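# Working through the structure, step by step
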Amino acid sequence: MSDVFSVDGVEGRNIELQCPITVPLSQVYMVLWFKDNAGIPLYSVDVRDKISRQPAHWSAPEVFGSRAKFNIDKSPASLLIKNLKRHDQGVYRCRIDFRTIQTQTYRYNLSVIVLPEQPVVLDRWGRHINGTKLGPKEEGDDVVITCRVSGGRPQPEVRWLINGVIVDDQYEQNSGDVIENRLLWPTIQRSDLNAIFTCQTMNTKLVEPKETSYVLDMHLKPLTIKVINPPNTLVADKRYEIVCQSMGSRPNAIITWYKGKRQMRRTKDEILDHNTTTSTLSFAPTTEDDGKTLTCRAENPNVNGLFLETDWKMNVVYPPMVTIQLGPTLVVDDIKEGDDVYFECHVRANPDWKKLQWFHNDILLQYNGSARIIQSGQSLVLQKVTKQSAGYYACSAINAEGETVSDQQYLRVKRNRNAILIGASRNENVEIPCHIFADPPARSFHWRFNNSAEILQVDAHRYTSQGNISILNYAPVTDQDFGTLTCWAVNEVGPQSQPCTFQLVLADLPSPVSNCSLPNRTQQFAEIQCTPGYDGGLPQVFVLELISKRTGTRRFNFSNKNEPFFILERLEKLSALMTLENNSLSCVVYAINQKGRSTPVLIQDFEIGRIQPYRAAPERQTDGVEWLPIAVGILLTVIILALSISTKTYLNRCFASVGWCVGRDASSKRGDAADKSEQQQTKNVLLPDEYECGAHCLKLKNVQMLRRHSSRKKNCSKDSNDDEPEPDVIPAQFNMGKCVTVCDAQRYGGFGTTPATYQMVTSADHPPIASSAQDTGLEYRTHGSIVGILPSSKAVPGTAGGGGGSELDINVIKDRLLTTRVPESCV
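Structural notes, computed from the coordinates. The structure presented is a predicted model; accordingly, all values stated were derived computationally and were not measured. (Residues numbered from 1 in each chain as written. Predicted model: local features only at pLDDT ≥ 70, side-chain atom pairs only at ≥ 80, totals over all residues. Heavy atoms only, no water.)

### Things to note about the overall build of the protein
Threshold: Every helix listed is a DSSP run of H or I at least four residues long, and every strand listed is a run of E at least two residues long, numbered separately from the N terminus. Each residue is assigned to one of three classes by its accessible area relative to the maximum for its type, calculated with a 1.4 Å probe on protein chains only: buried under 20%, partly exposed between the two thresholds, exposed over 50%. Two residues form a contact once any of their heavy atoms are found within 4.5 Å.
When helices and strands are counted, the protein shows six helices and 56 strands. Counting over 827 residues, the protein shows a buried share of 43%. The contacts of the protein with a sequence gap of at least 6 include a subset with a gap of at least 24, amounting to 68%.

Next up, the structure:
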């Protein structure tokens, strides 16, 4: 029996069963095909009469019919079965009958393979997935899909492939001929985008496996976002276009702009490719935008809660924005003379301001400590304001973008002409008397304190009252304790309508002047200019004194209540006079206020006249010369006595007729003591506006002052050596307040104490003779005011100048006596 060959065929496909013929066809008699054990052939080829005709083919119609054909001419010959049916499966036998040789047989076991149906893919909920797209999914999602295959013989395999790689071949039979393979692909990533998920099934290698494939679609968040080439600085109110770009989003990102929490609407979007988007923002920044953050946000609306954003802090440059404000602690309508006022300049600028300026009535203010104008940071401090301080104030700031001037702030300074200025130091106890005139007398007093920031009632235990007088004991401790004190009384008629007002200021001794110089000096005149120091909180007067270097006495004094500036004229005559006297004058300048005077400052390299050095005669002439000074001394003593008597008589007669006197006697000590006592009592009280020295002080309105000078003149001859009139002193005046005479002679360096200072008292009705048109005396002025009169060296008969000329002759004689060392007993 021949071997059986296994042959596989696929349903619906063609198959050939070979039946080789190894001998010439002329030796073949017949070819027969049988199925299984059937005795009747299902296909036959008769070759017996081939010479006369073609071989005869027959196919059993109930088996193959036209589907089968034996190709005898083919080598090897084979039976072709078309459109194989599953019932065609069986054992087929081919028998070849030969004319002369033995019959040959071939056996074939034909297996018909039934292919499975096309695979079907279901989602996790068992729903059929249509189309070719899987998803869209998001990053981090899990892919859960099931491949289902029905039919197939033999049982097919079902497996999953991703991008052609088998990832899962574990399948199971569900029911009947249904086979399933469930795929779990967890936590998909961006790299899984467009991945091909293929469900494949096969049960034979004769045909290609059946497959169902899906492409994974994903929604992706943006990967990058940035502002492209943003400008470093933005100019306020200038329009700019800012570009923001985002990449990596699927689908393309939607870009939005935010300034703070407010969304910007003026934008234009553009898609460059499948995952790159740009957005252009057009906007004009304002000054309010400086330092604010501009936010560009890229968002995929299909991805819940996932967005990407970038912040850009704007640097907006602009000219300064300036506002001026009066100090918040000040009461605008309650600023009075003597108060301290400050302004604050609020500046907002980018870049920062480099220079800050202040203006008063459109005039630039400069730092001036002596004028109490202080600039500190962004504040302007005005100490002890006056009526001149009122007006419009403004400030300006400058930066690289320009200059801006603020609106003007008006400062109103109330003036109380009846207020009394009181200077006090910290922790100094001040007694402030409040005198009122009332009938009937005052029944009670009330005190109130106001420092422009608050108004306080003064406790009753801090003041005493008796009759029409109330005395407040006040000791300021801090700067807030200085301000305005008001006092008013109440009697049976009613309260006082206008209270007494006292302005309490922080006061001290004035500071010395500085930077003294002589900007102009010739032989005829000299200008002396100094820089004022701190006034101590009170009005100050500047005094210049000419001091004798030989005796240390004060010869002249001049004053200027405005500034330390003095003009000395006719210096050639004064220099000549000092040369005759063998003397020279030094100059000192100091300031004086209610609390006292500052340290005097010596004007360097300034001297009037000079002292001639003494030269001794040769020894051989000593005996002859020693008697000459004695003789001259005796003669001059007689002349001095005569002149003294005549001068005294003349002055008495002059005083009786015209009302003026020269000299200072012992009674002046009592007057000075009284003055000193009076000054002590009024130490903390500001002097009136007429506080100055000079020609104004020559006008006396007080009869008692006139009598005081008269008594001083009468007792001139009775003075001690300390009060002896100094012939070198030339009359000069220095007035304090209402002509208070300043006669103290302090020691300046090596200068001695002034023995006495002559005073010139002039009646308003009888001007001094020395000031007549014929007088050629020296006049020293400070800004036009005569503050000192130097009598002419040429005597005029019948005038005081003549008397002065006699005194100058005496001075010459006295200097020569002193030079030749004549004993004082001789004089």
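And the narrative resumes.
### Remarks on the side chain of R67
Counted only if it meets this: Pairs of N or O atoms within 3.5 Å make up the polar contacts considered here, provided that, within protein, one atom can donate a hydrogen while the other can accept it, and that residues adjacent in sequence are counted only when both atoms are side-chain atoms.
Looking at where R67 falls in the secondary structure, it is placed in the loop between β5 (56-59) and β6 (68-71). R67 gets classed as buried once you look at its relative accessible area, which sits at 15%. Side chain to side chain, R67 and D88 meet in a polar contact 2.9 Å long.

### Quick word on the sheet that holds strand β40 (residues 455-457)
Two orientations exist for strands paired in a sheet by backbone hydrogen bonds: parallel and antiparallel. Applicable threshold: For two strands to count as paired, DSSP must find a minimum of two bridges between them. Lines are fitted to the C-alpha atoms to define the axes, a helix being fitted only along its stretch in contact, and any angle between axes, read from their N-to-C directions, falls within 0 to 180 degrees.
Ordered in space as β37-β44-β43-β39-β40, the five strands form an open sheet in which the pairing is mixed. Every other strand in the sheet has two partners, leaving β37 (420-424) and β40 as the edge strands with one partner each. Within this sheet the neighbouring strands show an average axis-to-axis angle of 25 degrees, counted without direction. With four bridges connecting them, strand β43 (residues 484-490) and strand β44 (residues 500-506) associate as antiparallel partners. Its bridge partner being in β44, C487 is matched across the sheet by C500.

### Topic: the sheet that holds strand β8 (residues 90-98)
Spatial ordering of the open sheet is given by β1-β9-β8-β3-β4-β5, a layout of six strands whose pairing is mixed. Both edges of this open sheet fall to β1 (4-10) and β5, since each of them pairs with a single strand only. Each adjacent strand pair in this sheet contributes to an overall mean axis angle of 15 degrees, direction not counted. In this structure, strand β3 (residues 28-35) lies alongside strand β4 (residues 43-46), joined through four bridges in antiparallel fashion. Counterpart to L32 in the pairing with β4 is S44.

### Remarks on the pairing of strand β41 (residues 463-466)
Relative to strand β42 (residues 469-474), β41 runs antiparallel, the two being bridged by four bridges. The residue bridging S465 from the neighbouring strand is S470, located in β42. Adjacent in sequence and paired antiparallel, β41 and β42 are bridged by two residues, among which G467 carries a positive phi angle near 65 degrees.

### A few points about the pattern of salt bridges
Stated formally: Each reported salt bridge corresponds to a side-chain nitrogen of Lys or Arg within 4 Å of a carboxyl oxygen of Asp or Glu.
Enumeration over the complete set of coordinates arrives at 19 salt bridges. The partner of R67 in a salt bridge is D88, with the nearest N and O atoms 2.9 Å apart. One end of the pair, R67, is in the loop between β5 and β6; the other, D88, is in the loop between β7 (78-81) and β8, with 21 residues separating them in the sequence. Each member of the pair, R67 together with D88, is buried. Residue R554 is joined to E545 by a salt bridge in which the shortest nitrogen-to-oxygen separation is 3.0 Å. For the residue pair R554 and E545, the accessibility class agrees, reading buried in each case. Residues joined in a network through salt bridges with shared partners are K133, D217 and R250.

### Description of a nonpolar patch on the surface
The condition that has to hold: Like charges within 9 Å and nonpolar side chains (Val, Leu, Ile, Met, Phe, Trp, Tyr) within 5 Å are joined into patches, using only residues over 30% in relative accessible area that form no salt bridge. In these tables, accessible area is a Shrake-Rupley quantity obtained with a 1.4 Å probe, and a residue counts as shielded only by the protein chains included in the view.
There is a patch of nonpolar side chains on the surface, built from I630, I634 and V638 and spanning about 260 Å² of accessible area. Positionally, V638 belongs in helix α3 (residues 627-658). On the accessibility criterion, V638 (53% relative accessible area) is exposed.

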